[in-house]
Amino acid sequence: MIRIVVAVLLAVALIVLAVPAIERGASLNTQRQVETSIAAIDDAATSLVETEEISPDDHPNPRRVVDVQLPRGSLTTESVAHFEIIVAETGRYSSVRYVLDDGTTRTGVIDEPVVWNDPHGNESVELDGAGEVQLVLSLHADENRTPIVVATRARV
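Analysis parameters
Residues numbered from 1 in each chain as written. Predicted model: local features only at pLDDT ≥ 70, side-chain atom pairs only at ≥ 80, totals over all residues. Heavy atoms only, no water. Helix = DSSP H or I, 4+ residues; strand = E, 2+ residues; numbered from the N terminus. Buried < 20%, exposed > 50% of the residue type's maximum accessible area, 1.4 Å probe, protein only. Contact = heavy atoms within 4.5 Å. Patch = residues over 30% accessible without salt bridge, like charges linked within 9 Å, V, L, I, M, F, W, Y side chains within 5 Å. Areas by Shrake-Rupley, 256 points an atom, 1.4 Å probe, with all protein chains shown as cover. Salt bridge = Lys/Arg side-chain N within 4 Å of Asp/Glu carboxyl O. Lys, Arg positive; Asp, Glu negative; His and termini not counted. Charge placed at Lys NZ, Arg CZ, Asp CG, Glu CD. Pairing = 2+ DSSP bridges.

> Outline the overall build of the protein chain, listing residues and values.
Helices and strands together make up the secondary structure of the protein chain, namely one helix and eight strands. Element order for the protein chain, N to C, with α for helix and β for strand: α-β-β-β-β-β-β-β-β. Counting every position in the protein chain, which comprises 156 residues, the buried fraction comes to 40%. In the protein chain, of all internal contacts separated by at least 6 residues, the share reaching a separation of at least 24 is 57%.

> I'd like a rundown of a negative patch on the surface, residues and numbers included.
A cluster of acidic residues, Asp-118, Glu-123, Glu-126 and Asp-128, forms a negative patch at the surface. Looking at the element boundaries, Glu-123 is found in the loop between strand E5 (114-116) and strand E6 (125-128). Judged by relative accessible area, Glu-123 falls into the partly exposed class, the value being 49%.

> An account of the pairing of E6 is requested, with residue identities and associated values reported.
Burial along E6 is one-sided: Val-125 and Leu-127 are buried, while Glu-126 and Asp-128, pointing the other way, are not. Where strand E2 (residues 80-87) lies against E6, four bridges are found, and the strand directions are antiparallel. Note on E6: the bridge partner recorded for Ile-85 is Val-125.

See below:
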């Protein structure tokens, strides 16, 4: 009987010690996945600006499709509460900010300005909730004929 009690106490102690490590690992795993998505957006936006030309009004705009992974909460991942891309005040790049459900907030940079849905607007790209989102990035010209990347959700 004493062996069973000792075994149960030992198991409980190991679980109590393991839970913080599992939670930390879940947060780090999610951060890695989101950072990979940010890098993919940056690569696609940079590729559009560097290798494509702005199309005339009667032609389709060059575009890239990017899969953005915003993990759902599980034993190995922390859920993403908020993800946004904001054009910097200088208009030369975009900053990325995301928040996990555990309160962890991280920032990043995309080397090109990325706006939501309108090349003449300055609306930020906001993705709430977890899951996979396909963003279509297309090259447009702003009011000064400067290249700008416009993000929209892919139609499925």
